[in-house]
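# Survey of secondary and tertiary structure
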Amino acid sequence: MDEREKCGIEALSVFLMGLGVFLLVLGPCSGLYPISHGLIALVASWVLAITIRVFFFGGGSEETHQHRRYY
């Protein structure tokens, strides 16, 4: 994966996290839905962002992955 693809994935994950915060604040303040739905939207977008990030970048450092590979 080259540097340009990494930047795109990082931008997507930051966008999804920001979207979750935006949905948490916007909906209840405008009266579109209750705060409980805003919290659900926040958690769902953050789970999606973290899942995408872990899928493309892995969960730990390279040393951890090499250690697990041998045992």
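Residues numbered from 1 in each chain as written. Predicted model: local features only at pLDDT ≥ 70, side-chain atom pairs only at ≥ 80, totals over all residues. Heavy atoms only, no water.

Structurally, S45 can be placed in helix α2 (residues 35–57). Side-chain polar atoms of S45 contact the backbone oxygen of L16, separated by 3.4 Å. Beyond its immediate sequence surroundings of up to four residues, S45 is in contact with L16, L19 and G20. (Helix = DSSP H or I, 4+ residues; strand = E, 2+ residues; numbered from the N terminus. Polar contact = N/O pair within 3.5 Å; in protein donor to acceptor, adjacent residues only side chain to side chain. Contact = heavy atoms within 4.5 Å.)

Okay, helix α1 (residues 3–30) next. Over its 28 residues, α1 extends 40 Å from the first C-alpha to the last, a length consistent with the 40 Å expected when each residue adds 1.5 Å. Along α1, the residues that are buried comprise I9, S13, L16, G20 and G27. Looking one or two residues past α1, G31 carries a phi angle of roughly 80°, positive in sign. (Expected span 1.5 Å × (residues − 1). Buried < 20%, exposed > 50% of the residue type's maximum accessible area, 1.4 Å probe, protein only.)

Read these as spatial facts, not as claims about activity.
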